Amino acid sequence: MPLAQTGLYTEADYYNLPENIRAELIEGNLIYNQAAPSRIHQTILSELHTVINNYIKSKNGSCRVYPAPFAVKLRENRKTIVEPDISVICDRNKLTDRGCTGAPDWIIEIVSPGNPSHDYVLKLNLYANAGVREYWIVDPARETIFVYYLEREHFNAEAHTFRDKIKVNIYEDLYIDFASLDL
């Protein structure tokens, strides 16, 4: 389970952490990720990253896909830097040497059993408020995928299972068939 260090931490504090420490800065609080991801978490991450990256390359697309650890500063306020499991950024002007500044177009989080509310509640709200166009929550324990797609000022939500073929809303013709993934 992630552990929070409360206080008013800054972007400088985040970037001054030792390289072997994984943490996120959320509204000025450092949240340390203690546990290593499970094998299924890493398998899902690898499979999804491969499918998305192959799709973008096949279309000669301008978007980039990055697996964690990859720093995403959601806003310029320097109080929130997250490390989504997968980030897809289509505006390359948002990319910096340190990661991404601004909302990615698509974020995927793979739920860790120790703290599901982190992805289902906290990050859902952070991403919606930052303007992330599409947010997927993949839950290996329940074999479910929740797809949130930002339309105007709110997310539309859909629920899927690991047996479904799911439309990626930010692309016209990308579907991810979870049944065909090597999980």
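As shown above, the structure is provided for reference.
Small disclaimer: the values here were computed from a predicted structure and weren't measured. (Residues numbered from 1 in each chain as written. Predicted model: local features only at pLDDT ≥ 70, side-chain atom pairs only at ≥ 80, totals over all residues. Heavy atoms only, no water.)

(A) Focus on the state of the cysteines. This model, assessed by the stated rule, comprises one disulfide. The disulfide partner of C63 is C90, and the S-S distance across this bridge is 2.0 Å. Looking along the S-S bond of the C63-C90 disulfide, the torsion reads about 100°, which is the right-handed sense. One end of the pair, C63, is in the loop between helix 2 (39-58) and strand 4 (64-67); the other, C90, is in the loop between strand 7 (86-89) and strand 8 (95-96), and 27 residues separate them in sequence. Judged by relative accessible area, C63 falls into the buried class, the value being 10%. (Disulfide = S-S within 2.5 Å. Helix = DSSP H or I, 4+ residues; strand = E, 2+ residues; numbered from the N terminus. Buried < 20%, exposed > 50% of the residue type's maximum accessible area, 1.4 Å probe, protein only.)

(B) Representation of the packing of aromatic side chains within the structure. Taken as a whole, this structure holds nine aromatic pairs when the rule is applied. Taking 4.9 Å as the distance between ring centres and 80° as the angle between the ring planes, the aromatic pair formed by Y127 and Y135 counts as edge-to-face. According to the relative accessible area criterion, Y127 is buried, its value standing at 0%. Looking at Y135, the relative accessible area reads 0%, which means it is buried. On the basis of an interplanar angle of 35° and a centroid distance of 5.4 Å, the ring pair of F162 and F178 is categorised as tilted. (Phe/Tyr/Trp six-rings, centres within 6.5 Å; stacked < 30°, edge-to-face > 60°.)

(C) Geometry of the sheet that holds strand 11 (residues 134-139). Here six strands make up an open sheet; going across it, the order is 4-7-10-11-12-13 and the pairing mixed. Lying at the two open borders of the sheet, with one neighbouring strand each, are strand 4 and strand 13 (154-161). Strand-to-strand twist of the sheet, defined as the mean angle between neighbouring strand axes without regard to direction, takes the value 15°. Alignment of strand 11 against strand 12 (residues 144-151), held across six bridges, turns out to be antiparallel. Bridge pairing links Y135 to Y148 in strand 12. (Pairing = 2+ DSSP bridges. Axes fitted to C-alpha atoms, helices over the stretch in contact; angles between N-to-C directions.)

(D) Layout of the side chain of H118. Inspection of the secondary structure assignment puts H118 in helix 3 (residues 116-130). If we ignore the near neighbours within four places in the chain, the residues touching H118 are E24, I26, I31 and K123. (Contact = heavy atoms within 4.5 Å.)

(E) Summary view of the nonpolar core. Within the largest apolar cluster, 27 residues are counted, with the highest numbers of intra-cluster contacts made by V88, W106, W136, Y171, I176 and F178. Broken down by secondary-structure element, the contributors of at least two residues to this core are helix 2, strand 7, strand 10 (106-110), strand 11 and strand 12. Sorting elements by how many residues they give to this core places helix 2 first, with six residues. Setting aside residues up to four positions removed in sequence, W136 forms contacts with W106, I107, I108, E109, I145, F146, V147, I166, K167, V168, I176 and F178. Counting residues in hydrophobic clusters, the runner-up holds 22 residues, among them F70, C100, Y120 and Y127. (Core = buried A, V, L, I, M, F, W, Y, C linked by side-chain atoms within 4.5 Å.)

(F) Representation of helix 3. Spanning 15 residues, helix 3 covers 20 Å between terminal C-alpha atoms, matching the ideal 21 Å at 1.5 Å per step. If you look at helix 3, its biggest bend is around 40°, right at K123. Those residues of helix 3 that sit buried are H118, D119, Y120, K123, L124, L126, Y127 and A130. Among the residues trailing helix 3, G131 stands out with phi positive, at a value near 95°. (Expected span 1.5 Å × (residues − 1). Bend = angle between axes of the 7 residues up to and from the residue.)

(G) Broad picture of unusual backbone geometry. At the junction of A68 and P69, the peptide bond is cis and its omega measures out at -5° in the coordinates. Despite not being glycine, N60 has its phi angle at roughly 50°, a positive value. Here N60 shows up in the loop between helix 2 and strand 4. Residue classification places N60 among the exposed residues on the basis of a relative accessible area of 70%. In this model, E143 sits at a positive phi of 55°, which is unusual for a non-glycine residue. Here E143 is to be found in the loop between strand 11 and strand 12.

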